[in-house]
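Next come the chains, spelled out residue by residue.
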Amino acid sequence: MTGADLHTLTGAYALDAVTDLERAEFRRHLDECPVCADEVGEFRGTAAMLAVAVADSASPGFRERVLATVAATRQLPPQADVAPATHVRAAWHKRVGIAVSAAAAAVGLLLGGISIGTSANGYAPVQVAVPVDLSNAPDATTVHADSTSGAVASATLSRRLGFVTVDVHRLPALAAGQAYQFWLMGPHDTRSAGLLHASDGTLTTALPRDADRIGVTVEPSAGSPEPTSRSILLVGLG
Amino acid sequence: MPVTRAAPPARESFPLTPEDLLALAARGDQRAFAQLYEQLSGPVYGMVRTVLRSPAQSEEVTQEVLLEIWRHAARFDPSRTSKVLTWALTIAHRRAIDRVRSEQAFRNRQDKAARLDVRRPYDDAGEAALSAADRARVRAALRRLTALQQESIRLTYFHGLTCREAADRLGVAVGTVKTRVHDGMTRLRAALGAHA
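Every value quoted in this text rests on a predicted model; they were computed, and no experiment measured them.

A. Seen up close, the overall build of chain A. In terms of regular secondary structure, chain A is built from five helices and nine strands. Taken from N to C terminus, the helices and strands of chain A fall in the order α-α-α-α-α-β-β-β-β-β-β-β-β-β. Scored against the burial criterion, the 238 residues of chain A give a buried share of 46%. Summarising the internal contacts of chain A: among those between residues at least 6 apart in sequence, 61% fall at separations of at least 24.

B. Up close: the sheet that holds strand E8 (residues 213–220) of chain A. All names here are of chain A. Judged by pairing direction, the sheet is antiparallel, and its four strands sit side by side in the order E6-E5-E8-E9 without closing on themselves. Looking at the sheet topology across the chains shown, the edges are occupied by strand E6 (190–196) and strand E9 (233–236). Taken over all neighbouring pairs, the strand axes of this sheet differ in orientation by 25° on average, direction set aside. Sheet topology note: the strand E5 (residues 178–185)/E6 ladder contains six bridges and is antiparallel. Paired with Trp-183 across the bridge in E6 is Ser-192.

C. Examining the packing of helix H7 (residues 163–170) of chain B against helix H8 (residues 174–192) of chain B more closely. Residues and elements named next belong to chain B. Look at H7 against H8: their axes get within 8 Å of each other, and the N-to-C directions meet at 110°. By the angle between their axes, H7 is roughly perpendicular relative to H8. Facing H7, whose interface residues are Cys-163, Arg-164, Ala-166, Ala-167 and Leu-170, H8 presents Val-174, Thr-176, Val-177, Lys-178 and Val-181.

D. Local environment of the pairing of strand E2 (residues 141–146) of chain A. All names here are of chain A. For E2 and strand E3 (residues 152–158), the ladder comprises six bridges, and the chain directions are antiparallel. Within the sheet, the bridge partner assigned to Thr-142 lies in E3 and is Thr-156. Hairpin remark: E2 followed by E3, antiparallel, with five residues in the connecting loop; positive phi at Gly-150, about 100°.

E. Just unusual backbone geometry, in detail. Residue and element names in this part refer to chain A. Phi at Asp-16 is positive, roughly 60°, even though this residue is not glycine. C-beta crowding within 10 Å serves as the criterion here: with 23 such atoms nearby, Asp-16 is assigned to the buried category. With phi around 60°, Arg-170 is a residue other than glycine that occupies positive phi space. Its place among the elements puts Arg-170 in the loop between strand E4 (163–169) and E5.

F. Broad picture of the confidence of the model for chain B. Residue and element names in this part refer to chain B. Per-residue pLDDT for chain B averages 81, and the proportion of residues at 70 or more is 77%. Note on residues 1–13: pLDDT under 50 across the span, and 14 contacts to partners over four residues away in sequence or across chains. Confidence drops under pLDDT 50 across residues 109–129; counting only partners more than four residues distant or on other chains, this segment forms 28 contacts.

G. Looking closely at helix H2 (residues 30–52) of chain B. All names here are of chain B. In this model H2 runs just 29 Å from its N-terminal to its C-terminal C-alpha over 23 residues, more than 12% under the 33 Å that 1.5 Å per residue would give. The sharpest bend along H2 comes to roughly 40°, located at Leu-40, with the proline Pro-43 sitting one to four residues further on. Here H2 lies mainly inside the structure; 19 of its 23 residues are buried. Among the residues trailing H2, Arg-53 stands out with phi positive, at a value near 75°.

H. Region of interest: helix H6 (residues 147–158) of chain B. All names here are of chain B. Between the first and last C-alpha of H6 there are 15 Å, a value that for 12 residues agrees with the 16 Å anticipated at 1.5 Å per step. Among the residues of H6, those classed as buried are Gln-149, Ser-152, Ile-153, Arg-154, Leu-155, Thr-156, Tyr-157 and Phe-158. Count one or two residues on from H6 and you reach Gly-160, which has phi positive near 75°.

I. Highlighting the nonpolar core. One finds Ala-47 of chain A together with Val-44, Val-48, Ala-88, Leu-89 and Ala-92 of chain B to be the most contacted residues of the largest nonpolar core, which totals 73 residues. In terms of residue count, the dominant contributor to this core is H2 of chain B (12 residues). Excluding anything up to four places from it in sequence, Leu-89 of chain B contacts Ala-47, Ala-48 and Ala-51 of chain A together with Pro-43, Val-44 and Met-47 of chain B. Listed in part, the 28 residues of the second largest apolar core include Leu-157, Met-185, Leu-196 and Ala-206 of chain A.

About the criteria used
- Residues numbered from 1 in each chain as written.
- Chains lettered and ligands numbered in written order.
- Predicted model: local features only at pLDDT ≥ 70, side-chain atom pairs only at ≥ 80, totals over all residues.
- Helix = DSSP H or I, 4+ residues; strand = E, 2+ residues; numbered from the N terminus.
- Buried ≥ 20, exposed ≤ 12 C-beta atoms within 10 Å, placed from the backbone.
- Contact = placed C-beta atoms within 7 Å.
- Pairing = 2+ DSSP bridges.
- Axes fitted to C-alpha atoms, helices over the stretch in contact; angles between N-to-C directions.
- Parallel < 35°, antiparallel > 145°, perpendicular 65-115°, else oblique.
- pLDDT = per-residue confidence, 0-100.
- Expected span 1.5 Å × (residues − 1).
- Bend = angle between axes of the 7 residues up to and from the residue.
- Core = buried A, V, L, I, M, F, W, Y, C linked by C-beta atoms within 7 Å.

Structure (structure tokens):
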């Protein structure tokens, strides 16, 4: 890309109309070119005006759901982020690709040693990884499950907040190139909730309304768009 | 706006700006965040819905964005983006775009015939929240662009296409779309202001 090309890319970049490759290239350019960086900032402000012109209302009850989730969501301290969110997203993208099908998204995070966020249906995985304190939820319930292999799992969920936290322990050791993949399963849909590359871990994820169990399958380490084998562990969510 | 509302703020005559409200929210003030919600949710949801079309998916993305703002309230950097609204919409647009592209890639693999033509154009968007004057001003500014500038901005910002995809759709070179987006945004900035 020539310098002139780069300069006219401010508009496309501000409107997210660039490919991943162009975005990465242009970001490097922005580090060195304050003129372009200023212009991107201004164009984003202008684009915000375009968004204001299409403002619309979400469905009744949406506000209450958001504010209830906010009430149970811990805030980050003022220090800068360890890594910008987009890096997490990009990394995940490479790992999971885009695959998958379902219609609603879940977001989550695997703690306890390993992976990143999750993409519900392979959509842009979200760095939100909300550390929701589900124990505060008035309807919080905890369920347990175990398997013949000795693995144990417990899940704490709040239908009201729409989140679930799953703890798993003592999953059998994985072969190289494999991962445990978590699935939110319902009568109509099975959605990926995240990957675990170890025998123990914790996953917090948005809980789709119709999900009635969480399954864990062994998949290639980059994950699969849908389960390719029977669940080695199933947690009924009641 | 939502059907149910919190009690009106006590100091109606001294409305707090989104930046004030975010500063309060950064200290854990949920009531301030609820007020901030009133100012952000309409533009965020409306824009995301224009890109994604599905109300359910748009609510998911909107919720993610609002939660992210709550979580990161203390890390808002006014030296990078002076307005909270711009910050929120930048995050939201990127999220919506990521999602629509993942979906498109999936659909394209499954069904080459997947088309976007039925998407709701920006000028059919639901009427809500914002003053008619704001909308009229934005639409008037859009109308003063050339046809190709308008189309380039419509297909990229509101429909989530890359410049390459927009160029294919419009039957022009990709460089042409990049230039038209740039020139169109420059004119819009002059007409609408650039409150980064």
